[in-house]
Amino acid sequence: MPMQKISTPTLLGIPFDANSSYLRGPADAPPLIRQAFHCDSSNSWTESGIDLGSPEIFSDAGDLNFPQDETAFDLITQAVAKLLDNGSRPVCLGGDHSITFPILRAFGKRFPGLAIVHFDAHPDLYEEFEGNRFSHACPFARIMEQGLAQRLIQLGIRTMNQHQRQQAEHYGVEVIEMKALPALEKLRLSGPVYISFDVDVLDPAFAPGVSHREPGGMSVREAVAHLHAITGEIVGADLVEYNPKQDVSQLTAMVCGKILKEILGRMLA
């Protein structure tokens, strides 16, 4: 299927965390991310100069409903495919990181040459984790083994073990560990680009509301700088692993609202 030209970004909430390995809670995140995004404490302008308050500049498809966990991945793929076929650019609000695999099943068939830019403390490349091949620790192994992306660039990684180093080598993943940042020049891409932003890429001082707090991460400013450095056509994105049960004074929710604003700004710039 040839790459299609698409236009309007569309939010889609994916309240699913059945594949979380440590703490549940990210399923509660989508409405709280929206609330922070629309909060009157700030305005609707992005740092890239886009007014997200302009009429019809983006849309919101609401949240998916999952009658049972067993059918969730198929429902996610179908919903994302429908948005793409209707000329939208889905921006999915998770949810745990396992949702990226069914999202990319829809993208991979429609965008040959797709590059993924993945912000995370963890590479999420396990072949299986605790007996679950679809754990939130495994989505990028599934994505790469099925050939759903041509390139996978990972930023902010600081938890690599031997197995995941072998997986990264096997799949040709471009891993940029936290200690190697900044890496702005490595985000000069061409062709279609998908952004997957796991909130725990940020240092927990900036985003305590995550299940897996990993000290030594990005500041919000570093994350925004790397988002702004991405070139190419951003055809979709996800924002995952915000856990409201771990948050402090809605701090992480507001950070998620900021990151969402800047992703949309880059898509529309």
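The preceding data block contains the structure.
About the criteria used
- Residues numbered from 1 in each chain as written.
- Predicted model: local features only at pLDDT ≥ 70, side-chain atom pairs only at ≥ 80, totals over all residues.
- Heavy atoms only, no water.
- Salt bridge = Lys/Arg side-chain N within 4 Å of Asp/Glu carboxyl O.
- Helix = DSSP H or I, 4+ residues; strand = E, 2+ residues; numbered from the N terminus.
- Buried < 20%, exposed > 50% of the residue type's maximum accessible area, 1.4 Å probe, protein only.
- Phe/Tyr/Trp six-rings, centres within 6.5 Å; stacked < 30°, edge-to-face > 60°.
- Lys NZ or Arg CZ within 6 Å of the ring centre and 35° of its normal.
- Pairing = 2+ DSSP bridges.
- Right-handed = clockwise from strand over helix to strand, strands pointing away.

1. Here's the deal with the pattern of salt bridges
Between side chains of opposite charge, pairing is possible as soon as their charged atoms come close. The final tally for this structure, using the stated rule, is 14 salt bridges. Here Glu47 makes a salt bridge to Lys258, at a shortest N to O gap of 2.7 Å. In this pair, Glu47 is assigned in the loop between helix 1 (29-37) and strand 2 (59-63) and Lys258 in helix 7 (residues 251-268), connecting sequence segments 211 residues apart. Using a relative accessible area of 41% as the deciding quantity, one classes Glu47 as partly exposed. A relative accessible area of 27% places Lys258 in the partly exposed class. The network of salt bridges with shared partners includes Glu47, Arg221, Lys258 and Glu262.

2. Observations regarding the packing of aromatic side chains
The geometry of two aromatic rings is summed up by the distance between their centres and the angle between their planes. In the structure shown here, the tally under the stated rule is ten aromatic pairs. Geometrically, the ring pair formed by Phe73 and Phe134 is edge-to-face, given 6.0 Å between the ring centres and 90° between the ring planes. In this pair, Phe73 sits in helix 2 (residues 72-85) while Phe134 sits in the loop between strand 4 (115-119) and helix 4 (139-145), placing the two residues 61 residues apart along the sequence. What makes Phe134 partly exposed here is its relative accessible area of 36%. Grouped by ring-pair contacts, the aromatic residues Phe16, Phe66, Phe73, Phe101 and Phe134 constitute a single cluster. Over the ring of Phe101 we find Arg105; its NZ or CZ atom is 5.3 Å from the centre of that ring.

3. Topic: the pairing of strand 4
By the criterion of burial, strand 4 is predominantly enclosed, with five of the five residues buried. Where strand 4 lies against strand 5 (residues 151-157), five bridges are found, and the strand directions are parallel. Bridging from a neighbouring strand, Ala115 pairs with Arg151 of strand 5. Handedness of the crossover joining strand 4 and strand 5 through helix 4: right-handed.

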